[in-house]
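# Survey of secondary and tertiary structure
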Amino acid sequence: MPTKKIPAKTVVKTPVKKASSVKPANKVAAKKSDAGTPLSVVIRRRIEAQKARFHANDNISKFIQPGELEGLVDEVAEKMQAVLESLVIDTESDHNTKNTSQRVAKMFVKEVFNGRYIEQPTLTKFPNVSRLNELMIIGPITVRSACSHHLCPIMGRIWIGVLPSKESALIGLSKYSRLTEWVMCRPQIQEEAVVELADMLEKKIKPIGVAIVMDADHFCMQWRGVKDRDSKMVNSVMRGAFLKDSNLRREFLSLLEKR
Ligand SMILES: [Zn+2]
C-alpha cells in the first residue's frame, strides 16, 4: 500500500446503526434536546445509564447517534468562544481569531480526538492459511496524539511485533495503522495507550506474543514546562512469548534499531 497516512476524512464516518432509509422520529439525533439540554449532557446520561466509563481515552461511539457529532462540534465551538473571550482576545476585530472557536471545535471532535467518537475500524480477519509463525514487525507507524494533562500534541512512532500462532486470525498490514490511529486520536497517556493497543491486538489476533514500542515527543515538555526540546519518551509492552523468550525480544528490538 503506497499511502501510510490515512486521511482523516476517510475515518470520519458516522456509524450507521440501522440500515433503514427513513429515520423514525425518536431516533433522530438530538441537537439540543427537549428542554434545551446540551447535547453533551444527553450523551453523558446515556453513558451513565449504562454505567460505562468516559475518560479522555475511552471510546464512546456507541452512545452517539448518527448526526450528533455535528451538534457536538457546535456545542464545543460555543464553549471555545467563551474560552477565547476569557483570554481577552478580541475575536470580533481580530480577523485571525474570528472563526477560531469553530475551527478548534471541529479539530477536536472530527480530527485529533476523533478516536473517542467513531467506531473501531472494521478489521477483516483472515485465517493463517500458510500457518505463519515467524516474527512480523509492523512500523514505524506515525502516531499523532495529545496528552490528557495539557492537551498538548504527542508526535511519535510505533512498532508492533507479532508472533502469530498457526491458529491466529491475521489482519491486513494497513489495519495496524488504522487501529493505532483510532486508539491514539484521543487525549492519552503514552503508557496507557500502548497497553490498550496491545490488549486490542491480543484480543483480535490471538497471537503467541505481541510487542509494542512507542517513541514520542511530548509537546508539553517542549512547548511549555521545562522546554526541553530533546526530551522523548520511549516505552514498550511485551506480551506472551515476547515476555518469556528473551531471544525473541532481543530479535525484535535489534530489528527496530536497524530502521
Ligand atoms: Zn502534558
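Look above for the structure.
### A look at the sheet that holds strand β7 (residues 232-240)
Strand order in the open sheet formed by five strands is β5-β2-β3-β6-β7, with mixed pairing between adjacent strands. Edge positions in the sheet fall to β5 (187-188) and β7, since each has one partner strand and no second. Alignment of strand β2 (residues 136-147) against β5, held across two bridges, turns out to be parallel. Opposite Ala146, over in β5, you have Pro187 as the bridge partner. Of the strands in this sheet, β2, β3 (153-163) and β5 touch helix α5 (residues 173-184), which is tilted by about 20° from β2.

### Structural notes on the nonpolar core
By size, the foremost hydrophobic cluster in this structure holds 46 residues, and its most contacted members are Val109, Ala211 and Ile212. Viewed by domain, this core spans two of them, domain 1 (27-116) and domain 2 (125-257), each represented by three or more residues. With residues near it in sequence (within four places) discarded, Ile212 still touches Ile158, Ile160, Val194, Leu197, Ala198, Ser236 and Val237.

### Overview of α5
Taking 1.5 Å of rise per residue, 12 residues should cover 16 Å, and α5 covers 17 Å from first to last C-alpha, within 8% of that figure. All of the buried residues in α5 are Tyr176, Ser177, Leu179, Thr180, Glu181, Trp182, Val183 and Met184. On the buried face of α5, the contacting elements are β2, β3, β5 and α6 (190-205).

### Some thoughts on the packing of helix α3 (residues 68-86) against helix α4 (residues 100-112)
The N-to-C vectors of α3 and α4 enclose an angle of 135°; their axes lie 7 Å apart at closest approach. The orientation of α3 with respect to α4, classified from their angle, is oblique. The way α3 lies across α4 gives a crossing that is right-handed. Along the contact surface, α3 presents Leu69, Leu72, Val73, Val76, Ala77, Met80, Gln81 and Leu84, while α4 presents Thr100, Ser101, Gln102, Val104, Ala105, Lys106, Phe108, Val109 and Lys110. By residue class, the composition of the contact of α3 with α4 is 11 nonpolar, four polar and two charged.

Rules behind the numbers
Residues numbered from 1 in each chain as written. Predicted model: local features only at pLDDT ≥ 70, side-chain atom pairs only at ≥ 80, totals over all residues. Pairing = 2+ DSSP bridges. Helix = DSSP H or I, 4+ residues; strand = E, 2+ residues; numbered from the N terminus. Contact = placed C-beta atoms within 7 Å. Axes fitted to C-alpha atoms, helices over the stretch in contact; angles between N-to-C directions. Core = buried A, V, L, I, M, F, W, Y, C linked by C-beta atoms within 7 Å. Buried ≥ 20, exposed ≤ 12 C-beta atoms within 10 Å, placed from the backbone. Domains from an automatic or database assignment. Expected span 1.5 Å × (residues − 1). Parallel < 35°, antiparallel > 145°, perpendicular 65-115°, else oblique. Left-handed = near helix turned anticlockwise from the far one by under 90°. Nonpolar A, V, L, I, M, F, W, Y, C, P; charged D, E, K, R; others polar.

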